[in-house]
Amino acid sequence: MIRKSAFAVMGAALTLALAGAAQAQTTLNALFQAQAGYSESDVRAMTDAYLKMHPDVQIKLEFVPYESLHDKITLAAGSGQGYDVVLFDVIWPAEFAENKILLDVTDRIDAKERDAVETGAWTSTQYKGRDFGMPWSADSKYLFYNKDMLAKAGITELPKSWDDVMKDAAIIKQKGIAEYPIVWSWSQNEAAICDYALLMQAFGGKWTDDAGKPAFQTGGGLEALKFMQKSVKDGLTNPNSTQYLEEDVRGVFSSGKAAFALNWSYMYDLAQNSTKDSQITGKVGVMAPPGVPGISTIATVNGAQGLGIPANTKNADAAWSYIQYLTSPEVETKYSGSSPPIWKTYFKDAIAKNPPNVDLIKAQDASFNALFNRPSVPDYQQFSARLQQALQQALLGQATPEDALKSAAADLSSK
């Protein structure tokens, strides 16, 4: 009886210990997108590696389409059952900061870490000088070109300006090499805003004035839309661009029907190396998009995302530990084939090794130091939607660039 009682006591003690351990285990709920950048399998593999080092943590992953990501985050912020880690787009920090949806993590980032990250990447997660997450899945748009088409046209120098791109496109069209040498993603969608932002930077435009009122209707913003419209009228831009998203651009370019295209990093591997997805493998060139003489040398758009901590979490420290692991140089370098890292050392080391995709790495390195953000305004969704309408009206010839932008600016100023 004594022995039995002793074992019973020991068993009870062990049960209590295990129960205590189970109660002490931290469970994180993390929200990611199901496409672009790091794939779902990438994120799951990263998370499995983190969990092996942190057996006291459990992580529940949820993946949703990009189109659902914003609403998932905002709806969860108002509920009692939210997330501990969320992936957010570069266009949302202002809204999320103003509405206290994300925690301010500025004091969690030390000076050494801040200096090691590509300078432009920080703009992805900042608002009014404060940090609301760690940059992750950095990217920008690049100018892709068909080497074979340029060679057939006798073009031996890469364009140094957007005027050069248009001149090269005119030569290619004149010689019958491509009916429409340039393809863009100008559908009435966020994709069009990205291309417009890139060209706005090239022409020296700005979204708002010092008072926060729209300023895109004048100066470089107006010149950018005039440039876009003229490229359609001149027959250099594929007219279907007004219905195209990025995947449509990839399809046209990869089929060998365009000499130039703007797109994100992901297109390079699919167009250059995949015989399944491309008819021009081995013929793809890529460079940082050029600028406009006297105004800019490189013009690109920030397409990065960040990892943040929702304000209603009860596990901020554990969430930050997980974020720090996912964004670490070691992890990002390991998965650099899916998305370019945010770390300066990666580009220095990668370029020195001269891999087959060194041109893409050089374009990324150059672009990440010249990232141009879309407007940092709390009502971005409304701002973007109205501007998309204006761009579409001008590109379809339904309004002049001046009238389309002036109308959009007036509407947004009255809100």
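Here the structure is a predicted model, which means the values were calculated and not measured.

What follows covers unusual backbone geometry. With phi around 55 degrees, Ser-137 is a residue other than glycine that occupies positive phi space. Note on placement: Ser-137 falls in the loop between strand S6 (134-136) and strand S7 (142-146). Located in the positive-phi region is Asn-354, a residue other than glycine, with phi close to 50 degrees. The topology assignment puts Asn-354 in the loop between helix H14 (344-353) and helix H15 (358-367). Judged by its relative accessible area of 54%, Asn-354 falls in the exposed class.

In this section: the pattern of salt bridges. Between side chains of opposite charge, a pair can form as their charged atoms come close. Applying the stated rule across the entire model yields 20 salt bridges. Here Glu-190 and Arg-374 are joined by a salt bridge, their closest N and O atoms 2.9 Å apart. Highlighted residues: Glu-190 in helix H8 (residues 190-202) and Arg-374 in the loop between H15 and helix H16 (380-395), separated in sequence by 184 residues. Judged by its relative accessible area of 16%, Glu-190 falls in the buried class. Arg-374 gets classed as buried once you look at its relative accessible area, which sits at 6%. Where Asp-234 meets Lys-230, a salt bridge forms, and the shortest distance between an N and an O atom there is 2.6 Å. Taken together, the salt bridges that share partners define one network made up of Lys-141, Asp-195 and Glu-246.

Moving on: the sheet that holds strand S3 (residues 85-89). Strand order across the open sheet formed by five strands is S2-S1-S3-S11-S6, with mixed pairing between neighbours. Every other strand in the sheet has two partners, leaving strand S2 (57-64) and S6 as the edge strands with one partner each. Strand-to-strand, the axes of this sheet are offset by a mean angle of 25 degrees, without reference to chain direction. Bridge count for S3 against strand S11 (residues 305-308) is four bridges, and the pairing is antiparallel.

So, about the packing of helix H9 (residues 219-233) against H16. Direction vectors running N to C along H9 and H16 enclose 35 degrees, while the axes themselves pass 9 Å from each other. The way H9 lies across H16 gives a crossing that is right-handed. Where H9 abuts H16, its residues Leu-225, Met-228, Gln-229 and Val-232 lie against Leu-391, Ala-394 and Leu-395.

Criteria and cut-off values
Residues numbered from 1 in each chain as written. Predicted model: local features only at pLDDT ≥ 70, side-chain atom pairs only at ≥ 80, totals over all residues. Heavy atoms only, no water. Helix = DSSP H or I, 4+ residues; strand = E, 2+ residues; numbered from the N terminus. Buried < 20%, exposed > 50% of the residue type's maximum accessible area, 1.4 Å probe, protein only. Salt bridge = Lys/Arg side-chain N within 4 Å of Asp/Glu carboxyl O. Pairing = 2+ DSSP bridges. Axes fitted to C-alpha atoms, helices over the stretch in contact; angles between N-to-C directions. Left-handed = near helix turned anticlockwise from the far one by under 90°. Contact = heavy atoms within 4.5 Å.

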